[in-house]
Amino acid sequence: MRKIQLNFSLLCAIALTVVILLAAATAAEAVRDPVPLQPVPENLQGLWVAPDCLRPREWHFYSSYFVFRAEDGSETVMQRAAKLQDKNDYTVIGFDPPHGASRPARVLEDGVMEMVKLESGAPPAQKWNDLAAVAFYEYMHCLDTDLPDGFAEIMRRSARLDAVYPACREKITPDCAQTLFTAYLSPDGDTLTEKEIRNILEDIAFFGALNDASGHTLETADLSRIILRIFDRDGSGGISLEELETLQNLWDQPALTGPAKYRLQRLLTQISPIFPALEHKE
């Protein structure tokens, strides 16, 4: 009987350990990407300022999956954002830390966005007027406001980021390759040339710098030539969709070595919080 009890205790201990490890893995996953893939509603997308259009001190630009903030001319902070749920007369938006958690938000007919911070632990009420708010924020949608430094570039590049993010954030799949190919293909081209590859790398460097406090920027011209040489199997001078889909592991390619490999790793590391699929693994 004692042996049976010991075996049962051992099984319980193993089971408990597995549960703890799975819970830890799940928690790590939640920290890595806490925002569900539901795009921010279209009426919330765009450029918003506070306190008003004539005296903008705070800037928010919402794309489908990201929000970019700048205050009093400071550097721009980039976070993921997404719709968490719809209520009767407002939407709950989720953010990455440090703001974290969620913010109820709604857009009024006069182009004003209202957003509130809830009491700690308070769930979103079904109606806006019933929210347990501890702070209230108001932003104006100002299309004719002079953009702060860098915001015009953010707005231009974020359309491609929004297109690629849902397909490529977790795994580099044929669907990801198709999305990347479509997002960066020149209107009059049928392959990705060195110019388009450089655009991809420059976008990675641009958004990576917003997530990297060190603010490192890297030269991408020679990297684009190396990547073209790796992918362009038929020597046509461009990468076809078929060639893009067939490459299984970029890091195994003999042409990608030395300083170029290290620099590409640094580029992808900067943006890996957004695209875990780009994390380098030996």
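A brief structural summary. (Residues numbered from 1 in each chain as written. Predicted model: local features only at pLDDT ≥ 70, side-chain atom pairs only at ≥ 80, totals over all residues. Heavy atoms only, no water.)

## Some thoughts on the state of the cysteines
No. 1: Under the counting rule described, the total for this entry stands at 2 disulfides.
No. 2: A sulfur-sulfur distance of 1.6 Å marks the disulfide that ties Cys-53 to Cys-142. For the disulfide bridge between Cys-53 and Cys-142, the dihedral angle about the S-S bond is near -80°, and by the sign convention the bridge is left-handed. On the criterion of sequence distance, the pair formed by Cys-53 in the loop between strand S1 (46-50) and strand S2 (58-62) and Cys-142 in the loop between strand S8 (133-141) and helix H2 (151-168) is long-range, its members being 89 residues apart.
No. 3: On the basis of relative accessibility, which here comes to 26%, the residue Cys-53 falls in the partly exposed class.
No. 4: Accessibility expressed as a relative area gives 2% for Cys-142, which makes it buried.
No. 5: With a sulfur-sulfur separation of 2.0 Å, Cys-168 is cross-linked through a disulfide to Cys-176. Residues Cys-168 and Cys-176 are joined through a disulfide that is right-handed, its torsion about the S-S bond being 105°. There is no split in this pair, since Cys-168 and Cys-176 are both buried.
No. 6: Sequence-ordered numbering of the bonded cysteines in the chain yields a pairing of 1-2, 3-4. (Disulfide = S-S within 2.5 Å. Helix = DSSP H or I, 4+ residues; strand = E, 2+ residues; numbered from the N terminus. Buried < 20%, exposed > 50% of the residue type's maximum accessible area, 1.4 Å probe, protein only.)

## Section: H2
No. 1: Across its 18 residues, H2 extends 24 Å between first and last C-alpha, which sits within 8% of the 26 Å expected from 1.5 Å per residue.
No. 2: The largest bend in H2 is about 35°, located at Arg-157.
No. 3: Along H2, the positions that sit buried rather than exposed are Phe-151, Ile-154, Arg-157, Ser-158, Arg-160, Leu-161, Asp-162, Val-164, Tyr-165, Ala-167 and Cys-168. (Expected span 1.5 Å × (residues − 1). Bend = angle between axes of the 7 residues up to and from the residue.)

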